[in-house]
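A closer look at the structure
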Amino acid sequence: LVGALMRSILEDGRYPAGLYSHIMLRIHSERTINRNRAAVLKAYIIKNYPEKEEVVNSMKLNEDTEYMPYVLGRLFAEFEDIQRNAIKKETLRERYFNAASSTPAVIFPQLTKLSNSHMRVLGRENKGLQVKKDKELGALFDKIHANLPLRLSLEDQGIFMIGYYHQKQKFYEKKNNSESEIEDKQEV
């Protein structure tokens with residue numbers, strides 16, 4: 001694998017599929033995606049699928065794309081964040097991450113139903129956050145113009161994971177003062 005990767009870099013060729021497969025297996029087995037894994041997925045997709053480069057070529061969240069796997073990854077991250085805020089547990093990723101990234105048509109209706117329950121709990125505890133999350137979900141659902149795919153190809157699963165990673169990173173960005181003030185007013 002190391003030799004094939006080095007050869008592809010030196011010859012400016014396609015990256016080896018084994019590299020991508022290995023990273024995907026690690027993500028699926030551990031159900032976590034970090035900066036290094038996201039970087040490898042992104043580099044592989046950009047190099048081997050140049051037609052999908054515009055979807056993943058950003059260092060930050062690509063809010064403009066309507067590419068289904070990327071949007072679904074973002075949506076999964078939102079569902080996970082809603083659950084974490086509502087019931088202070090993170091079981092969604094452990095139970096559904098692999099299935100959501102490979103068979104979205106089967107899993108996302110269940111996740112939407114779970115999210116509705118979590119939103120009700122969130123509304124009782126923090127109305128301002130519920131309103132904010134409802135708007136974010138609405139914006140993501142507006143980007144889904146077709147039926148959910150039954151299966152995602154391996155490269156689309158990688159794009160799903162990049163969307164998930166970018167959305168998770170957005171949660172940790174510092175808020176500017178005007179956003180903080182608006183949220184504080186909505187909570188009151």
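In this text, all values refer to a predicted model and were calculated from it rather than measured experimentally.

1. Side note on unusual backbone geometry
Here Arg31, not a glycine, exhibits a phi torsion of approximately 55°, which is positive. Residue position: Arg31 is located in the loop between helix 2 (17-30) and helix 3 (35-48).

2. Side note on the packing of aromatic side chains
Using the criterion set out here, one finds nine aromatic pairs in the structure. With 4.3 Å between their ring centres and 20° between their planes, Tyr20 and Tyr44 make a pair best called stacked. Linking Tyr20 in helix 2 with Tyr44 in helix 3, this pair joins segments that are 24 residues apart in sequence. Look at Tyr44 and you get buried, because its relative accessible area is 6%. Among the aromatic residues, those joined into a ring-pair cluster are Phe76, Phe97, Phe160 and Tyr164.

3. Some remarks on the environment of Gly73
Here Gly73 lies in helix 5 (residues 68-87). For Gly73, a relative accessible area of 0% corresponds to the buried category. For the pair Gly73 and Pro104, spaced 31 residues apart in sequence, the C-alpha to C-alpha distance is 9.9 Å.

4. Focus: the pattern of salt bridges
If the charged atoms of two oppositely charged side chains come close together, the side chains can form a pair. Going through the model one piece at a time under the given rule, you end up with ten salt bridges. Taking the shortest distance from any N to any O, the salt bridge between Glu80 and Arg93 comes out at 3.1 Å. A residue pair is termed long-range when its members are at least 10 positions apart, and Glu80 in helix 5 and Arg93 in helix 6 (residues 91-102) qualify at 13 residues. In this structure Arg93 comes out as buried when scored by relative accessible area, which is 16%.

5. Here we look at the packing of helix 2 against helix 9 (residues 154-171)
It is the contact of helix 2 with helix 9, at a shortest axis distance of 11 Å, that shows an interaxial angle of 55°. When the axis of helix 2 is compared with that of helix 9, the two are oblique. Crossing of helix 2 over helix 9 shows left-handed handedness. Every residue of helix 9 that contacts helix 2 at Tyr20, Ser21, Met24, Ile27 and His28 is listed here: Leu154, Glu155, Gln157, Gly158 and Met161. Of the residues in the contact of helix 2 with helix 9, the class split is five nonpolar, four polar and one charged.

Here is what the cut-offs are and how they apply
- Residues numbered from 1 in each chain as written.
- Predicted model: local features only at pLDDT ≥ 70, side-chain atom pairs only at ≥ 80, totals over all residues.
- Heavy atoms only, no water.
- Helix = DSSP H or I, 4+ residues; strand = E, 2+ residues; numbered from the N terminus.
- Phe/Tyr/Trp six-rings, centres within 6.5 Å; stacked < 30°, edge-to-face > 60°.
- Buried < 20%, exposed > 50% of the residue type's maximum accessible area, 1.4 Å probe, protein only.
- Salt bridge = Lys/Arg side-chain N within 4 Å of Asp/Glu carboxyl O.
- Axes fitted to C-alpha atoms, helices over the stretch in contact; angles between N-to-C directions.
- Parallel < 35°, antiparallel > 145°, perpendicular 65-115°, else oblique.
- Left-handed = near helix turned anticlockwise from the far one by under 90°.
- Contact = heavy atoms within 4.5 Å.
- Nonpolar A, V, L, I, M, F, W, Y, C, P; charged D, E, K, R; others polar.

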